[in-house]
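For reference, the chains in residue letters:
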Amino acid sequence: MPEIRLEHVTKRWGKFYAVDDLNLVIGNNDFVTLLGPSGCGKTTTLRMIAGLETPTSGKISIGDRVVFDSSKGINVPPNKRKVGFLFQNYALWPNMTVYQNISFGLHNIKEELPTIDFEAKEATKLVEILSDIATLKAHIAESKDKSGKLDEKKAQLRLIDSYTISMMTAKKLLALKDDNAMAALLESSKKKLEERKNAIAAAGQTLDADFHVLQNGTPVTSVRKLTDEEIDLSVRRVSRLVKIGMFMDRYPAELSGGQQQRVAIARTLAPEPSVLFMDEPLSNLDAKLRLEMRYELQRLHVDTGSTFVYVTHDQMEAMTLATRICLMNNGVLQQYDPPLDVYNMPNNLFVADFVGNPSVNFIDAQGKINADGTVSLEMLNGRKFTFKPAADFDFDAWYKARDEHKAAMEAEEKAKMELKGYVEKGNKDEYFNYHIAKVDESEIQDEVPRIDRQSFVIGVRPECIDIDENGSVCGEIFGAMPTGMESTIKVNVDEFLLTGVIFGNSKFTIGSKVNFAINTDRIMLFDAISGRLVTLGSLN
């Protein structure tokens with residue numbers, strides 16, 4: 001499967017930038033989720049790669065082929081990009097059977113395709129099957145009901161799946177009434193195969209393992225449509241992948257939501273696209289079915305070996321499905337990393353807040369960097385803590401890099417403003433206003449001044465809070481939601497609310513006093529001025 005590369009891709013309508021200077025590389029066989037809040041630009045990004053939306057500027061490559069380049073006027077249409085698209089609504093034809101829905105697009109393909117000797121291919125398959133008549137008979141016998149009557153539809157599907165053959169070949173085998181008929185077809189198939197080999201050799205050609213006709217070792221091609229045999233084999237192949245072989249004669253209205261989704265996936269996979277794009281394909285399903293379909297998509301990604309690009313605003317879907325998460329906000333890429341890296345080492349406050357359920361706890365802190373590399377912090381109404389980085393950390397170098405990055409971004413923006421045709425961004429990028437949970441949030445809280453290095457934001461994931469009678473912080477249970485396997489609690493610490501996830505079948509009484517500790521080296525220290533992650537460490 002090809003690598004997908006986006007270079008400085010921008011899409012704007014007037015002054016509204018849906019996608020702003022996006023650089024992204026989607027690797028071979030990746031499962032990438034485009035994640036973010038509504039309106040962040042994820043669907044627009046997907047549509048631009050697929051060719052359904054034209055970028056304002058930039059360059060997009062799929063493999064070694066440039067499909068869009070604003071500077072060179074290249075814009076390959078969607079049907080030439082060899083991509084499959086799965087929409088939020090299944091878009092199945094209600095008047096067509098499942099088989100017809102899956103095969104519909106295959107009938108319209110007309111392009112340069114390799115020449116295949118189907119007579120030799122079928123003869124070879126028949127010789128292979130009929131050389132072991134006992135196994136063939138066993139498959140047919142297992143398709144009989146309790147009274148001994150053959151279930152013809154079940155037998156057809158069994159032969160199709162067992163031997164990877166088309167419906168036409170399956171029907172030919174089931175038409176054989178006895179051993180003599182099987183032996184006769186075996187001999188005629190051997191003869192046919194020999195005739196085809198001689199004819200191919202006489203033309204100075206050869207056949208490869210897939211029965212492609214070769215001339216001097218090079219496949220012979222021609223502009224043609226797919227044959228009925230090729231279409232049927234493709235339909236049967238994808239129906240096996242998504243496990244809907246038994247529904248071929250049904251209409252969409254006779255299927256459940258999950259089954260309809262499988263049909264839509266099969267239809268998308270049938271033309272063998274180089275990349276599969278999915279735009280919130282599970283949003284119409286109920287919670288239980290969504291979970292099941294996540295497993296199916298995960299398995300499908302492995303079975304097909306394809307590159308999947310998946311749009312969702314559900315961070316749970318992104319975490320469970322993706323090999324890499326592309327998290328966007330206001331058209332700007334925030335982080336592009338494997339799911340656990342995004343969760344454990346978020347680039348900034350927005351990423352930390354968006355990924356994780358329950359959400360991360362943010363705590364404002366004032367601090368001083370000590371000579372030994374620790375940070376003395378004051379937070380939660382005057383409580384004193386010490387933050388120790390998990391590894392040796394050079395704060396001066398980090399602050400220098402932060403300031404250089406800011407200067408470079410400002411210089412880049414200034415250079416853009418001088419370019420001809422520059423349009424100022426109307427939807428300005430703003431500082432992320434993180435939420436500090438408090439018991440009484442009716443009053444507007446004054447924003448903490450962010451004027452120097454002494455202002456920090458601490459991020460604590462809920463699972464990092466441990467109820468411990470020897471814990472150094474005391475609080476009061478403000479709320480508790482047990483689920484059996486775990487309990488989500490809210491602890492009131494001097495009117496600040498901290499959310500914790502306590503594993504195990506524990507009971508908590510609202511209003512009771514508890515001590516807790518934060519025993520982990522995955523506490524996040526954010527710079528309050530820029531909102532960027534400084535480092536991870538422990539809090540004592």
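Here, every reference points to the structure presented above.
Every value quoted in this text rests on a predicted model; they were computed, and no experiment measured them.

Rules behind the numbers
- Residues numbered from 1 in each chain as written.
- Predicted model: local features only at pLDDT ≥ 70, side-chain atom pairs only at ≥ 80, totals over all residues.
- Heavy atoms only, no water.
- Pairing = 2+ DSSP bridges.
- Helix = DSSP H or I, 4+ residues; strand = E, 2+ residues; numbered from the N terminus.
- Contact = heavy atoms within 4.5 Å.
- Axes fitted to C-alpha atoms, helices over the stretch in contact; angles between N-to-C directions.
- Parallel < 35°, antiparallel > 145°, perpendicular 65-115°, else oblique.
- Left-handed = near helix turned anticlockwise from the far one by under 90°.
- Nonpolar A, V, L, I, M, F, W, Y, C, P; charged D, E, K, R; others polar.
- Phe/Tyr/Trp six-rings, centres within 6.5 Å; stacked < 30°, edge-to-face > 60°.
- Buried < 20%, exposed > 50% of the residue type's maximum accessible area, 1.4 Å probe, protein only.
- 1 Å grid on protein atoms, 1.4 Å probe; cavity = no way out; pocket = protein on both sides within 12 Å on 5 of 7 lines; lining within 4 Å.
- Points joined across faces, edges and corners; volume = space filled by probe spheres on them.
- Core = buried A, V, L, I, M, F, W, Y, C linked by side-chain atoms within 4.5 Å.
- Salt bridge = Lys/Arg side-chain N within 4 Å of Asp/Glu carboxyl O.

Details of the sheet that holds strand β2 (residues 16-26)
Inference 1: One open sheet accounts for five strands, arranged β2-β1-β4-β5-β6; its pairing is antiparallel. A single partner strand is all that each edge strand has here, and the edge strands are β2 and β6 (74-75).
Inference 2: For strand β5 (residues 65-69) and β6, the ladder comprises two bridges, and the chain directions are antiparallel. Within β6, the position partnered with Asp69 by the bridge is Ile74.
Inference 3: Sheet contacts for helix α1 (residues 42-50): β1 (4-13), β2 and β4 (57-62); angle to β1, the most-contacted strand, approximately 120°.

Focus: the packing of helix α5 (residues 152-163) against helix α6 (residues 167-174)
Inference 1: For the pair α5 and α6, interaxial distance at closest approach is 9 Å and the crossing angle is 120°. Taken together, the axis directions place α5 and α6 in an arrangement best described as oblique. Seen along the crossing, α5 lies across α6 with a hand that is right-handed. Between α5 and α6, the residues in contact are Glu152, Ala155, Gln156, Leu159 and Ile160 and Met167, Ala170, Lys171, Leu173 and Leu174, respectively.
Inference 2: Here the contact of α5 with α6 is built from residues that sort into seven nonpolar, one polar and two charged.

Here's the deal with the packing of aromatic side chains
Here a ring pair, both rings aromatic, is described through the centre-centre distance and the interplanar angle of the planes.
Inference 1: Counted by the stated rule, this structure contains eleven aromatic pairs.
Inference 2: Aromatic pair Phe85 and Phe87: ring centres 4.6 Å apart, planes at 15°, arrangement stacked.
Inference 3: Residue classification places Phe85 among the buried residues on the basis of a relative accessible area of 15%.
Inference 4: Summarising the aromatic geometry, the rings of Phe362 and Tyr434 are spaced 5.7 Å apart at their centres and angled 65° between planes, so their arrangement reads as edge-to-face. In this pair, Phe362 is assigned in strand β17 (residues 361-369) and Tyr434 in the loop between α14 (395-417) and β20 (455-460), connecting sequence segments 72 residues apart.

Description of the layout of surface pockets
Inference 1: Looking at the largest pocket, its volume works out to about 2100 Å³.
Inference 2: Lining the largest pocket are 44 residues; nearest its centre among them are Asp20, Val332, His405, Met409 and Asp429.
Inference 3: Sorting the residues of the lining of the largest pocket by element identifies β1, β2, β16 (332-337), α13 (349-354) and α14 as the ones contributing at least two each.
Inference 4: Residues belonging to the lining of the largest pocket are distributed by class as follows: 13 nonpolar, 15 polar and 16 charged.

Description of the nonpolar core
Inference 1: Grouped together as the largest cluster of nonpolar side chains are 43 residues, with contacts concentrated most on Phe362, Leu377, Ile458 and Leu539.
Inference 2: Within the second largest apolar cluster, 36 residues are counted, among which are Leu92, Leu106, Leu255 and Leu297.

Examining the pairing of strand β7 (residues 83-86)
Inference 1: By the alternation rule, side chains of β7 split into Val83 and Phe85 and Gly84 and Leu86, which are all buried.
Inference 2: Bridge count for β7 against strand β13 (residues 275-279) is four bridges, and the pairing is parallel. Note that in β13 the partner of Val83 across the bridge is Val275.

Focus on the pattern of salt bridges
One side chain can pair with another of opposite charge once the charged atoms of both are near each other.
Inference 1: Counted under the stated rule, the structure contains 32 salt bridges.
Inference 2: The shortest N-O distance in the salt bridge between Arg299 and Asp303 comes to 2.8 Å. On the criterion of helical spacing, the pair formed by Arg299 and Asp303 is a turn pair, its members being four residues apart in helix α10 (residues 287-304).
Inference 3: When its relative accessible area of 44% is taken as the criterion, Asp303 is described as partly exposed.

Thoughts on unusual backbone geometry
Inference 1: For the peptide bond that leads from Asn357 to Pro358, omega is 0°, which places it in the cis range.
Inference 2: Along the chain, Pro358 falls in the loop between α13 and β17.

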